[in-house]
Amino acid sequence: MNLLVKRPWTLWNGASSDFDKLFEGLFGKYPEDNGNVITSSWSPAVDIKEEETQYVVVADIPGVDPSEIDITTKDGVLTIKGERVKETRDEEKGYARVERAHGMFHRRFTLPESADVEKISAKGMDGVLEVVIPKREESQPRRITVSH
C-alpha cells in the first residue's frame, strides 16, 4: 500500500510564484527585492560597448536639451541625470493616448579600473547622448615582439 500525502497549500505557493514572475516581467522587480531606490520618473535606454582604447555609453534621450544633462564621476561611478519637461497638451487636437515619459531621469554606472575619468567627453545630438570614456594608456594592451 502506498501513502499519498496531499498538501493543498503547495498549489497556492506555485501560483503565487507564477504571479510574481508575471508582474516582475511586466513592471520590473520591486525596489525592495534588490535594495534599489527609485530615483527617477523614467529611465533612458542605454547601450554600453567596449572598444580597444575606450568605452562608449550611448543613451536615448529624445526631447532633452543636451546642455541640461548633468554628467559627473565620483568614486568610480559615472552618473547621468537630467529632466524631460512635460509638454502641455491641447485636448482639442484629439490626443487619444500619451505614452512618452517625462520628468527626472537618473542613471549610474560603475566604471572599470582602466577608465581614465579625467578624459571623459560627451556630446548630444538628435536625442542621443554619447559619453566616451577613454582607457588609461597603461591598461591598454601592448604587443611585445619575440626576438630570435
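Before going into details, it helps to say that this report is about the structure given with it.

Basis of the calculations
- Starting from 1, residues in each chain are numbered consecutively following that chain's sequence as written.
- It should be noted that, the model being predicted, local features are given only for residues of pLDDT at least 70 and side-chain atom pairs only at 80 or more, the latter also being counted only at that level, while totals for whole chains, interfaces and linings use all residues.
- To get the side-chain values, take all heavy atoms of the structure and skip hydrogens and water.
- Stacked, tilted and edge-to-face pairs are distinguished by plane angle, under 30 degrees for stacked and over 60 for edge-to-face with tilted covering the rest, among Phe, Tyr and Trp rings (Trp via its six-membered ring) whose centres lie within 6.5 Å.
- We count a charge as sitting over a ring when the NZ of a lysine or the CZ of an arginine lies within 6 Å of the ring centre and within 35 degrees of the ring normal.
- In DSSP terms, a helix is any run of H or I states spanning at least four residues, a strand is any run of E spanning at least two, and both are numbered starting from the N terminus.
- Polar contacts, as counted here, are pairs of nitrogen or oxygen atoms within 3.5 Å of one another; within protein the pair requires one atom able to donate a hydrogen and one able to accept it, and residues that are adjacent in sequence qualify only if both atoms are side-chain atoms.
- The pairing criterion for strands is at least two bridges between them, as found by DSSP.
- In this description, a line fitted to the C-alpha atoms serves as the axis of each element, helices being fitted only across the stretch in contact, and the angle between N-to-C directions of two axes falls anywhere from 0 to 180 degrees.
- Exposure categories follow from relative accessible area, calculated using a 1.4 Å probe and restricted to protein chains: below 20% of the type maximum is buried, above 50% is exposed, and the middle band is partly exposed.
- Between Lys or Arg on one side and Asp or Glu on the other, a salt bridge is scored when a side-chain nitrogen of the former is within 4 Å of a carboxyl oxygen of the latter.

All right, on to the packing of aromatic side chains then. Taken as a whole and judged by the stated rule, the model has one aromatic pair. The positively charged end of Arg84 is found above the aromatic ring belonging to Trp42, 4.1 Å away from the centroid. The lysine or arginine in question, Lys135, covers the ring of Tyr55, its NZ or CZ lying 5.1 Å from the ring centre.

As a further point, take the side chain of Ser114. For Ser114, the position within the fold is in the loop between strand 5 (103-110) and strand 6 (121-125). Within the structure, Ser114 has its side chain in polar contact with the side chain of Tyr55 (distance 2.6 Å).

The next thing to look at is the sheet that holds strand 2 (residues 54-60). A sheet is described by the order of its strands in space; here four strands give the open sequence 1-2-7-6, paired in antiparallel fashion. Because the sheet does not close on itself, it has two edges, and the strands there are strand 1 (46-50) and strand 6. Across the sheet, the mean angle separating the axes of adjacent strands is 15 degrees when strand polarity is ignored.

Here we take up unusual backbone geometry. Phi at Asp75 is positive, roughly 55 degrees, even though this residue is not glycine. As for its placement among the helices and strands, Asp75 is situated in the loop between strand 3 (70-74) and strand 4 (77-84). For Asp126, which is not a glycine, the phi torsion comes out positive at approximately 55 degrees. Tracing the chain through its elements places Asp126 in the loop between strand 6 and strand 7 (128-134). What makes Asp126 exposed here is its relative accessible area of 75%.

Another aspect to go through is the pattern of salt bridges. Under the definition given, this model contains four salt bridges. Glu51 is paired through a salt bridge with Lys49; the nearest N and O atoms lie 3.3 Å apart.

Glancing now at the sheet that holds strand 5. The antiparallel open sheet is built from three strands, whose spatial order is 3-4-5. Among the strands making up the open sheet, the edge pair consists of strand 3 and strand 5. Mean inter-strand twist for the sheet, computed between neighbouring axes without regard to direction, equals 15 degrees. Pairing of strand 4 with strand 5, which is carried by eight bridges, proceeds in the antiparallel orientation. Residue pairing across strands places Ile80 opposite Arg107, the latter belonging to strand 5.

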